[in-house]
Amino acid sequence: MNYLQQRVLFFNKARFAFFTILILGFSSCEIKKENIESTKNCPSGLTVEYIREPSKVFIVDEKPEFGWLVPSVAISQTAYQIIVASSEELLKKNKGDVWDSKKVLTNNSSNVSYSGKALEMGKTYFWKVKIWGQKGEETGFSARQSFQMGRAAHTITSANSFQTDSIKPLKLAKTGEGAYFVDLGKAAFANLQFEYKSKVRDTLIIHIGEELIGGKINRKPQGTIRYQQVKVPVSPDKYVYNLAIKPDKRNTKKGAVLLPNTFPVLMPFRYVEMEGLKTSINKSDFTQLAFHSYWEEEESHFKSSDTVLNQVWDLCKYSIKATTFAGVYVDGDRERIPYEADAYLNQLSHYTTDREYAMARQTIEYFMEHPTWPTEWQLHVALMFYADYMYTGNTELIERYYDDLKHKTLVELRREDGLVSSLNATPEFMKKLGFKSSKAKLKDIVDWPPAQKDTGWKLATAEGERDGFVFTPINTVINCLYYRNVEIMQVFAQLLNEPEDEQFYKELAIKVKKAINEKLLDVDRGFYTDGETTAHASLHSNMMALAFNIVPEAQVKSVADFIKSRGMACSVYGSQYLLEALYNANESTYALQLMTSTENRSWYNMIRIGSTMTLEAWDMKYKPNSDWNHAWGAVPANAIPRGLWGIQPKAAGFSIASIKPQMGTLKTSSVKVPTIKGAIKADFVLQNSKSEKYTIEIPANMTAEFEVVKAKKVLLNGQEVVLTSGIIQLNSGESILEVSY
């Protein structure tokens, strides 16, 4: 059974008709109303294989990992006990006939691997957990949770379930005799259900689309902006109808991710126009059935004193939710194909908007079998593995794919000084990467789309999204990504106790960094060129070097100044590394200016032109075949929590969080960031030009390092802190910091 067949089997477990509405949030045990308060002192947020409602899926790992959130009153965990039973009755009696871990002394509250009797395919099991807190106090048991074992597969990730939102119109207007216009508020990957009572057999004409022109649906949209006309036969003996949307040939052909066969045909649309109605119709008669993967809206939040930034956050967060409709990260509706770089950006933004990890892990396993051709995209696979490790603390994927992942780093294409060139890739090497065709070749792309001369498109900027990048055999962008891959492999080798590999990657990382700075950094001009044999310098070469901490301290300012001189001379994909580079250089004001810009090359422009999901490009004039539903355009969904607020895992699995706020010109901000150990909540107030106040809430079983830059004085909960390194240690619970400059 191949990967896609296995994925469809898992998702079909939901077995819902496409008009079913699934209730959001994970189900808890039967709790009497008067006892709800006492459950706050018990573990909550239970997961099996990172899935919050495992009863709705098949678990395929024969030794699944359990996880839970430690109650805040415990502060930290010192021990746990898990009970797994074959029936609810036995679990209620605390009888673990399948597994009773007994009391295990550890602070680990995630990635707890099953260690009981062999689990049987097709059987449902029930489990619960209790913990001991910081002072050794014992909690009660958690709510009960069930999970069902599926058939073991050649992949180890269990697929999460789907949900359907039932959305009523924001607006309905009669536009003529028997004609109506419907605005559903937001585009979604959806079908339409409506009620209509006809006295005779008739045919209604329905138009659905993403874009308005002059107040009407654009029936000849540019690029891959979606529109379709659907004819609906109606009769007196039927009053509930669903659209028979025609499948798109391109996004359903070989190579595209196919949806489960329980789904109707889905198309992204926001607007509906109806013609030929003989009786009136009301708003309540329409329902947009929006499909997406499992999602909990309340897991993340952001607000600030900047109204544009707030709108950009809302746009990007919704884009991440809406584009999960395929169960793995795809590139939008035009192709519905996973691409490694798209998926990495999607992964980061998914982590910062919901406590969801299974979808990223599934996508990672997909790429080990289905690589794509851009050189840079291969170099994003290790980045995905590393992000998964840091956010979950899990090493299973690393252990399983370690040898194959070595090839993805392109380390075999290096020359004596350590630098790599994709020109060195042979057919044998391409096979190692997972390509099936003997004709497959790597191609450096730097950014996308390319220049006008390479596409035939008439572009607003003739150089495309590459800032005039000059391609050479030794490419700066490629080698910066490659350097980061080598760093990551050193970490993985250490985790897997591979000392020879660890030493190899450690020495190679030093060598590569030295070669980049000796051969690609123009010290006299203070920035990086695009390659070994060109004097041209682009935004991309410099933002990559700065994003991956390659730039020597003496050149950080000059490289940052060069980056700022180029503006947003990259694509929506490139903006990920542009913003990372700026926050690495403490250029928070400029980073904020880019995220709140209202120019054509901005996220606000996507809102202004009428999209409710992020575009594939800044505007149609920069990529004429763009779609209006591309998650790689949603970079602020992760840049705001990870960059502006600086909230990232310091240690794998968020046992230690790093918080380095860079608020720029904001006056206020609040954020809620999901983690595997619970949400980090924070508030910021600019008290005056020289004083800031932060209120930080750290979940139980986690500590944090709060970093300040150039502060003169810091009060932590009213007590002055001695500043030696600019790092203030925060414990679980609420902390108030007053920072003076």
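Keep in mind that this is a model prediction, so the values were computed, not measured.

**Describing the sheet that holds strand β24 (residues 656–659)**
Spatially, four strands are ordered β23-β24-β28-β31 in an open sheet, and the strand pairing comes out mixed. Because the sheet does not close on itself, it has two edges, and the strands there are β23 (647–649) and β31 (727–730). Across the sheet, the mean angle separating the axes of adjacent strands is 25° when strand polarity is ignored.

**What about helix α7 (residues 381–392)?**
Taking 1.5 Å of rise per residue, the 12 residues of α7 would be expected to cover 16 Å, and the 17 Å separating its terminal C-alpha atoms lies within 8% of that figure. Of all the 12 residues making up α7, 11 are buried; the element is thus mostly covered by neighbouring parts of the structure. Within α7, burial applies to V381, A382, L383, M384, F385, A387, D388, Y389, M390, Y391 and T392. Downstream of α7 by a residue or two, G393 has a phi angle that is positive, lying close to 80°.

**A closer look at empty space enclosed by the protein**
One pass over the full model with this rule turns up two cavities of 30 Å³ or more. If you add up the space inside the largest cavity, you get close to 90 Å³. What lines the largest cavity is a set of 14 residues, among which T47, Y50, G67, R355 and I676 lie closest to the centre. The set of elements that each furnish at least two residues to the lining of the largest cavity consists of β1 (44–48) and β3 (65–69). The element that contributes the greatest number of residues to the lining of the largest cavity is β3, accounting for four residues. Taken together, the residues of the lining of the largest cavity sort by class into five nonpolar, six polar and three charged. Taken as a whole, the second largest cavity holds about 40 Å³ of empty space. Around the second largest cavity, the lining residues are A187, E210, R270, G610, S611, T612, M613 and W628. For the lining of the second largest cavity, the residue count by class is three nonpolar, three polar and two charged.

**Quick notes on the layout of surface pockets**
By volume, the second largest pocket amounts to about 1000 Å³. For the second largest pocket, the lining is made up of 32 residues, of which A547, N549, N584, R642 and Q648 are closest to its centre. Listing elements by their share of the lining of the second largest pocket, those giving two or more residues are α4 (340–353), α7, α11 (476–495), α15 (575–584), α18 (636–644), β23 and β28 (703–707). A class-by-class count of the residues in the lining of the second largest pocket yields 15 nonpolar, nine polar and eight charged.

**Comments concerning the packing of helix α13 (residues 539–547) against helix α14 (residues 556–566)**
Direction vectors running N to C along α13 and α14 enclose 135°, while the axes themselves pass 9 Å from each other. The angle between the axes of α13 and α14 places the two elements in the oblique class. When the axes of α13 and α14 are compared, the crossing they make is left-handed. In this structure, α13 uses L539, N542, M543 and L546 to contact α14, whose residues at the interface are V556, V559, A560, F562, I563 and R566. Taken together, the residues of the contact of α13 with α14 break down into eight nonpolar, one polar and one charged.

**A look at the pattern of salt bridges**
Side chains carrying opposite charge are able to pair once their charged atoms draw close together. A full pass over the atoms with the stated rule returns 36 salt bridges. Residue D165 pairs with K321 through a salt bridge whose shortest N-O separation is 2.9 Å. You can see D165 sitting in strand β10 (residues 162–167) and its partner K321 sitting in helix α3 (residues 307–322), a full 156 residues away along the chain. In terms of burial, D165 and K321 fall into one category: buried.

**Concerning the side chain of H350**
Checked against the element boundaries, H350 lands in helix α4. H350 gets classed as buried once you look at its relative accessible area, which sits at 0%. Ignoring any residue separated from it by four or fewer positions in sequence, one finds H350 in contact with W295, I320, T324, Y329, E356 and M359.

**Notes on the pairing of β28**
Along any regular strand the residues' side chains alternate between the sheet's two faces. Two elements, β24 and β28, share four bridges in a ladder whose sense is parallel. Note that in β28 the partner of I659 across the bridge is F706. Relative to β31, β28 runs antiparallel, the two being bridged by four bridges. Residue pairing in the sheet places A704 in a bridge with L730 of β31.

**Observations regarding the sheet that holds β3**
Taken in spatial order, the three strands line up as β1-β3-β7 in an open sheet, and their pairing is antiparallel. Across the chains shown, the open sheet's two edge strands, defined by having one partner strand only, are β1 and β7 (112–113). Across two bridges, β3 lies against β7 in antiparallel orientation. Residue pairing in the sheet places F66 in a bridge with V112 of β7.

**Concerning α4**
Counted at 1.5 Å a residue, the expected span for α4 with its 14 residues is 20 Å, and the 20 Å between its end C-alpha atoms agrees. Among the 14 residues in α4, 14 count as buried, and that is most of the element.

**Focus: the packing of aromatic side chains**
In this description, a pair of aromatic rings is defined by centroid distance and the angle of the planes. This structure, assessed with the given rule, holds 36 aromatic pairs. Note on F263 and F291: the rings are 4.7 Å apart at their centroids and 50° apart in plane angle, and the pair reads as tilted. Note that F263 is positioned in the loop between β17 (240–242) and β18 (267–275) and F291 in strand β19 (residues 286–293), a separation of 28 residues in sequence. Pairing Y573 with W632 gives two aromatic rings, centres 5.4 Å apart and planes at 20°, and the pair type is stacked. A residue pair is termed long-range when its members are at least 10 positions apart, and Y573 in the loop between α14 and α15 and W632 in the loop between α17 (603–608) and α18 qualify at 59 residues. Of the residues examined, Y573 reaches a relative accessible area of 1% and is grouped as buried. One aromatic cluster is present, built from ring pairs that chain together F66, W99, Y114, Y125, W127 and F147. In this structure, K128 is placed above the aromatic ring of F141, and the distance from its NZ or CZ to the ring centre is 4.7 Å. The ring of Y622 is capped by R601, whose NZ or CZ atom sits 4.5 Å from the centre of that ring.

Thresholds applied
Residues numbered from 1 in each chain as written. Predicted model: local features only at pLDDT ≥ 70, side-chain atom pairs only at ≥ 80, totals over all residues. Heavy atoms only, no water. Pairing = 2+ DSSP bridges. Helix = DSSP H or I, 4+ residues; strand = E, 2+ residues; numbered from the N terminus. Axes fitted to C-alpha atoms, helices over the stretch in contact; angles between N-to-C directions. Expected span 1.5 Å × (residues − 1). Buried < 20%, exposed > 50% of the residue type's maximum accessible area, 1.4 Å probe, protein only. 1 Å grid on protein atoms, 1.4 Å probe; cavity = no way out; pocket = protein on both sides within 12 Å on 5 of 7 lines; lining within 4 Å. Points joined across faces, edges and corners; volume = space filled by probe spheres on them. Nonpolar A, V, L, I, M, F, W, Y, C, P; charged D, E, K, R; others polar. Parallel < 35°, antiparallel > 145°, perpendicular 65-115°, else oblique. Left-handed = near helix turned anticlockwise from the far one by under 90°. Contact = heavy atoms within 4.5 Å. Salt bridge = Lys/Arg side-chain N within 4 Å of Asp/Glu carboxyl O. Phe/Tyr/Trp six-rings, centres within 6.5 Å; stacked < 30°, edge-to-face > 60°. Lys NZ or Arg CZ within 6 Å of the ring centre and 35° of its normal.

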